[in-house]
Amino acid sequence: MERKIRVLIAKPGLDGHDRGAKVVARALRDAGMEVIYTGLRQTPEMIAEAALQEDVDVVGISILSGAHMTLVPRVVELLRANGQNNVRVFVGGIIPENDAAALLEKGVAAVYGPGSATSQIVKDIQDALIGAAA
Amino acid sequence: MSLVEALLAGERLALARLLSQVENDTPAGRAGLDALYAHTGRAHLVGITGSPGTGKSSLVNQLALALRRPPEGTPPLRVAIVAVDPSSPFSGGALLGDRVRMRDLSGDPGVFIRSMASRGALGGLARATAAAVQVLDAAGFDMILIETVGAGQSEVDIARLAHTTLVVEAPGLGDDIQAIKAGILEIADILVVNKADLPGADNTERALRMMLELANPGRDPHEHQGWRVPVLRTVAAQAQGIPEVIAAVQQHAQHLRSSGEWHSRDRARLTHELEDRLRSTLAEEFHRRLPAADYEAAVEALLQRQLSPSQAVEKLLRQADPARSPQSGSSNG
Ligand SMILES: Nc1nc2c(ncn2[C@@H]2O[C@H](COP(=O)(O)OP(=O)(O)O)[C@@H](O)[C@H]2O)c(=O)[nH]1
Ligand SMILES: [Mg+2]
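Residues numbered from 1 in each chain as written. Chains lettered and ligands numbered in written order. Predicted model: local features only at pLDDT ≥ 70, side-chain atom pairs only at ≥ 80, totals over all residues. Heavy atoms only, no water.

Per an unreviewed UniProt entry, chain B carries the name LAO/AO transport system ATPase and comes from Levilinea saccharolytica.

Looking at an unreviewed UniProt entry, one finds chain A named Methylmalonyl-CoA mutase, with Levilinea saccharolytica as its source organism. Check the Cofactor (unreviewed entry) section of the UniProt entry for chain A; it says "adenosylcob(III)alamin". (UniProt positions renumbered as here; feature names shortened; annotations may be inferred.)

Below you can see the structure in the form of structure tokens.
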């Protein structure tokens, strides 16, 4: 059985819609990935726990609430503490440039603004994982 | 420490990783299953099937919650959940959304939830679901709840895998006998009418009871091999009717054990698995030793109508083993 890229799409924070997260989830599915969708209002602890149980390769965090500087590094920290050192974390949302740079510094693999094409996200994941996965 | 050792020591990351290996049918996954097999056979395997949208995931969430917080005096069970969703036949990808309904369970180290894509299998489970369940069984979970795709023509796979099968129906999907999928009575040990808060629940329940009666005319309408299939109402969205379902699941386990059916179901399932493996392994091995030219020649002989398929098999077997007596198993292989 061929190996599939597994991705967790999570939506932390209190803001109440997940349209963006669902669009990304569908795009990744249509690119042949297995996407675990966890729903709204996830805490960093919930996200890390689901990422572990599902043994995902990638965690995508969709965030609009402005709390990214606390929530996202916390997710990365928890993943690493659980031993998931190779899991790639990407973030989508409205994130100021300075913050984006700081997140990359803290171990986030990529940050996508509202105008990003889903095809770019697909391509980045495939580039990072196919070949590395052997 | 190997993955298997780490898993047996209770490491959740090792469990998650071995599940992936097993799901991808890698050599490490197969070796893991071999090593873990002696540790399996303890868990109560409970299937939850029913059409999409009837509330299977919501019910699984409530069942697991209740099993984790039992009434005083009973110990909480360790619960694993395997939730299968369909893969897209076009991209091979999948959107696995069952966890959305199971957020109440997060943070509990006595619960482990794994989503699985069906990867082209049609019977409501993935090909690797049974193996994944074995891994969870070996990891020490007392009860394993297996949520099927629910959209399959027949959901017989789950009845074969699980000790206890719940079939979930809900009003609003059409409330008459015709709307209820054929074949569910053959697999249901417990029937659940979920969304009992919605109008039409009475009709759904009545239709199910009528089906049970039609299936068993003249006898206790619900009885099957000493087990009376209960029809239970729940509102999974509001945690109503859950203790009754748990009680029925546990009574069913007791019934299976006291009637000897636990053993005979295990036996049937394992025999089936052995048969399956034997067939695929023998065929693979035979192919590996068979010269490609002989195989091609056999196909050609079929095309030319010189040999029938069973004669062609006989010929290939004789080529592989000249000592084989010519008549053995000739036409019914
Ligand atoms: N009214 C009502 N809705 C419910 C109930 N249980 C689940 N639902 C809703 O039914 C929908 C499908 O539920 P889900 O558990 O995902 O169903 P599944 O596809 O069978 O796993 C969701 O919107 C649930 O909130 C219930 O008891 N009553
Ligand atoms: Mg579901």
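Past the structure itself, the notes keep going.
### Describing the overall build of chain A
When helices and strands are counted, chain A shows five helices and five strands. In sequence order, the secondary structure elements of chain A are arranged as β-α-β-α-β-α-β-α-β-α. Expected size for 134 residues packed as a compact globule is a radius of gyration near 14 Å; at 13 Å, chain A falls within 12% of this value. A total of 134 residues make up chain A; the buried ones form 52% of that total. In chain A, of all internal contacts separated by at least 6 residues, the share reaching a separation of at least 24 is 72%. Counting every atom, chain A has about 5900 Å² of accessible surface; 52% of that belongs to carbon and sulfur. Each charge class in chain A can be summarised by its mean position, and for the 14 positive and 16 negative side chains these summaries are 4 Å apart. (Helix = DSSP H or I, 4+ residues; strand = E, 2+ residues; numbered from the N terminus. Rg over C-alpha atoms; globule rule 2.2 N^0.38 Å. Buried < 20%, exposed > 50% of the residue type's maximum accessible area, 1.4 Å probe, protein only. Contact = heavy atoms within 4.5 Å. Areas by Shrake-Rupley, 256 points an atom, 1.4 Å probe, with all protein chains shown as cover. Lys, Arg positive; Asp, Glu negative; His and termini not counted. Charge placed at Lys NZ, Arg CZ, Asp CG, Glu CD.)

### Notes on the pairing of strand β4 (residues 111-117) of chain B
Buried residues dominate β4(B), accounting for seven of its seven residues. Burial of the side chains of β4(B) extends over both faces: B:V111, B:I113, B:S115 and B:A117 are buried on one face and B:F112, B:R114 and B:M116 on the other.

### Section: the packing of helix α1 (residues 19-30) of chain A against helix α5 (residues 118-129) of chain A
Residues and elements named next belong to chain A. Between α1 and α5, the shortest axis-to-axis distance is 9 Å and the interhelical angle comes to 55°. One finds that α1 runs oblique with respect to α5. Note on packing geometry: the crossing formed by α1 with α5 is right-handed. Across the interface between the two elements, V23, V24, A27 and L28 of α1 pack against T118, I121, V122 and I125 of α5. A class-by-class count of the residues in the contact of α1 with α5 yields seven nonpolar, one polar and no charged. (Axes fitted to C-alpha atoms, helices over the stretch in contact; angles between N-to-C directions. Parallel < 35°, antiparallel > 145°, perpendicular 65-115°, else oblique. Left-handed = near helix turned anticlockwise from the far one by under 90°. Nonpolar A, V, L, I, M, F, W, Y, C, P; charged D, E, K, R; others polar.)

### What about the sheet that holds strand β5 (residues 143-147) of chain B?
Residue and element names in this part refer to chain B. Reading across from one edge, β4-β2-β5-β1-β6-β7-β10 is the order of the seven strands in this open sheet, with parallel pairing throughout. The sheet terminates laterally at β4 and β10 (231-233), the two strands that pair on one side only. If you compare each strand with its neighbour and ignore which way they point, the axes differ by 20° on average. Bridge count for strand β1 (residues 44-49) against strand β6 (residues 164-169) is four bridges, and the pairing is parallel. Bridging from a neighbouring strand, I48 pairs with L166 of β6. Relative to β6, helix α9 (residues 242-259) is tilted by about 150°, and along the sheet it contacts β1, β5, β6, β7 (190-193) and β10. (Pairing = 2+ DSSP bridges.)

### A word on the packing of aromatic side chains
Residues and elements named next belong to chain B. Counted under the stated rule, the structure contains two aromatic pairs over all chains. Ring geometry for F112 against F141: centres 6.3 Å apart, planes inclined by 55°, an arrangement best described as tilted. Note that F112 is positioned in strand β4 and F141 in the loop between α5 (129-138) and β5, a separation of 29 residues in sequence. For the pair shown, F112 and F141 are each scored as buried. Looking at R78, its charged tip hangs above the ring of F141, at a distance of 4.4 Å from the centre. The ring of W262 is capped by R257, whose NZ or CZ atom sits 3.8 Å from the centre of that ring. (Phe/Tyr/Trp six-rings, centres within 6.5 Å; stacked < 30°, edge-to-face > 60°. Lys NZ or Arg CZ within 6 Å of the ring centre and 35° of its normal.)

### A look at the site of ligand 1
Residues and elements named next belong to chain B. Within the structure, ligand 1 sits among 17 residues, and G53, K56, S57, S58 and D197 are positioned closest to it. The separation between an oxygen atom of ligand 1 and a polar main-chain atom of G53 is 2.8 Å. Surface burial for ligand 1 is 75%, taken as the share of its 580 Å² of free accessible area covered by protein chains. Per element, the largest residue contribution to the shell around ligand 1 is three residues, and it comes from helix α4 (residues 56-68). For the shell around ligand 1, a count of residues per class yields five nonpolar, seven polar and five charged. (Near = heavy atom within 4 Å. Polar contact = N/O pair within 3.5 Å; in protein donor to acceptor, adjacent residues only side chain to side chain.)

### Quick look at the sheet that holds strand β1 (residues 6-10) of chain A
Within the open sheet, the six strands sit side by side as β5(A)-β4(A)-β3(A)-β1(A)-β2(A)-β3(B). Their pairing is parallel. This sheet does not close on itself; its edge strands, each paired only once, are β5 (110-112) of chain A together with β3 (94-96) of chain B. Within the sheet, the average angular offset between the axes of one strand and its neighbour, ignoring direction, is 20°. As defined by bridge partners, β1(A) adjoins strand β3 (residues 58-63) of chain A across four bridges and the pair is classed as parallel. When the bridges of β3(A) are listed, A:I9 appears paired with A:G60.

### Observations concerning the side chain of B:Q62
Residue and element names in this part refer to chain B. The topology assignment puts Q62 in helix α4. Given the relative accessible area of 11%, Q62 is considered buried. Contacts of Q62, omitting those with residues within four sequence positions, involve D104, A236, A239 and I242.

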